[in-house]
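Inside the fold
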Amino acid sequence: MKRIIILISCAIGTGVTAQIVPPPTIQRSNTTSRGLTVNSRKGTLIEKKIINLGKFKNLNIQKIVTKDISDNSSDTFLGIMYEYETFDEIFKKTLTIDKNELEKLIQALQMVEQKENENAGQETRYKFVTMSNIEFGSVYREKLSSWVNYIKIPSNHFNQNLLEFNKDELKELIAILKKSEQDI
């Protein structure tokens, strides 16, 4: 009888403990434009500072400085933070551009600005994609006889954020990026 009671209590105890679900583990990593993760350095204290440099449409242009406290080495890059929303969630995401890539981006946008001042005459497209997959582009619409500039920001495979803007706003974007380049 004692054996049956012990067996039943062990079976009930096992059944109860088997239903306890371990807490979920959350593993997020901030990815830089080179594909390196900020948290890849284990066992060291890293300081991150964010300085807002400007705003373009719904994008926040930021200077991001990460500093390894153990050896005082630091990295500085441009961050483009944006928000996007699905039916039941709101996300904030920051994509980064390093100084060399920022210089190439500014040159590409200035070239697009020059080409927009010329008369295209037929449908023409320009595109510049950063290492963090931000696409800056411009399309000449022959039927409308006008240029449409855009920034396509990757959010997930179901949703792409697309910001369209005109020629004057392109000048504003170039000015913000030039100012940001000096601050970085």
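Residues numbered from 1 in each chain as written. Predicted model: local features only at pLDDT ≥ 70, side-chain atom pairs only at ≥ 80, totals over all residues. Heavy atoms only, no water.

What follows covers unusual backbone geometry. The backbone of N72 sits at a positive phi, close to 55°, despite the residue not being glycine. Positionally, N72 belongs in the loop between strand 2 (59–68) and strand 3 (73–85). Positive phi, close to 65°, is recorded for N133, a residue that is not glycine. One can find N133 in the loop between strand 5 (124–129) and strand 6 (135–141). (Helix = DSSP H or I, 4+ residues; strand = E, 2+ residues; numbered from the N terminus.)

With respect to burial, strand 2 is a largely interior element, 9 of its 10 residues being buried. Here strand 1 (residues 46–56) runs beside strand 2; their pairing, made up of 10 bridges, is antiparallel. Bridged to K55 within strand 2 is N60. The hairpin formed by strand 1 and strand 2 contains 2 residues between the paired strands, and K57 there has a positive phi angle of roughly 55°. Strand direction decides the pairing type here: strand 2 and strand 3, joined by 9 bridges, are antiparallel. (Buried < 20%, exposed > 50% of the residue type's maximum accessible area, 1.4 Å probe, protein only. Pairing = 2+ DSSP bridges.)

Here 4 strands make up an open sheet; going across it, the order is 1-2-3-4 and the pairing antiparallel. Looking along the sheet, the strands with just one partner apiece sit at the ends: strand 1 and strand 4 (90–97). Averaged over all pairs of adjacent strands, the angle between strand axes in this sheet comes to 30°, irrespective of strand direction. Packing against the sheet, helix 3 (residues 167–183) makes contact with strand 1, strand 2 and strand 3, and its axis sits at approximately 150° to strand 1. (Axes fitted to C-alpha atoms, helices over the stretch in contact; angles between N-to-C directions. Contact = heavy atoms within 4.5 Å.)

Turning next to the confidence of the model for the protein. Averaged over the protein, the pLDDT score is 80; the fraction of residues at 70 or greater is 77%. Mean pLDDT across the elements of the protein bottoms out in helix 1 (residues 2–18) (66) and peaks in helix 3 (92). Here residues 21–36 scores under 50 on pLDDT; set against residues more than four positions off or in separate chains, the count is 20 contacts. (pLDDT = per-residue confidence, 0-100.)

This part takes up the environment of Y84. With respect to the element layout, Y84 can be found in strand 3. When its relative accessible area of 9% is taken as the criterion, Y84 is described as buried. Expressed as a C-alpha distance, the spacing of Y84 and N161, which sit 77 residues apart in the sequence, is 7.6 Å.

The next thing to look at is the pattern of salt bridges. Taken as a whole and assessed by the stated rule, the structure comprises 3 salt bridges. A salt bridge links E47 to K49; its shortest N-O distance comes to 3.7 Å. Note on K49: relative accessible area 46%, which makes it partly exposed. Where K57 meets E169, a salt bridge forms, and the shortest distance between an N and an O atom there is 3.4 Å. In this pair, K57 sits in the loop between strand 1 and strand 2 while E169 sits in helix 3, placing the two residues 112 residues apart along the sequence. On the basis of relative accessible area, K57 is assigned to the partly exposed category, the value being 38%. (Salt bridge = Lys/Arg side-chain N within 4 Å of Asp/Glu carboxyl O.)

Helix length check: helix 2 (residues 99–117) (19 residues) gives 27 Å between terminal C-alpha atoms against 27 Å at 1.5 Å per residue, within 8%. Residues of helix 2 that are buried: E101, L102, L105, I106, L109, V112, E113 and E116. Axial view of helix 2: buried residues confined to an arc of 140°, hence all on one face. Set apart from the buried face of helix 2 by more than 90 degrees, the exposed residues are N100, K104, M111 and Q114. (Expected span 1.5 Å × (residues − 1). Arc of directions from axis to C-beta.)

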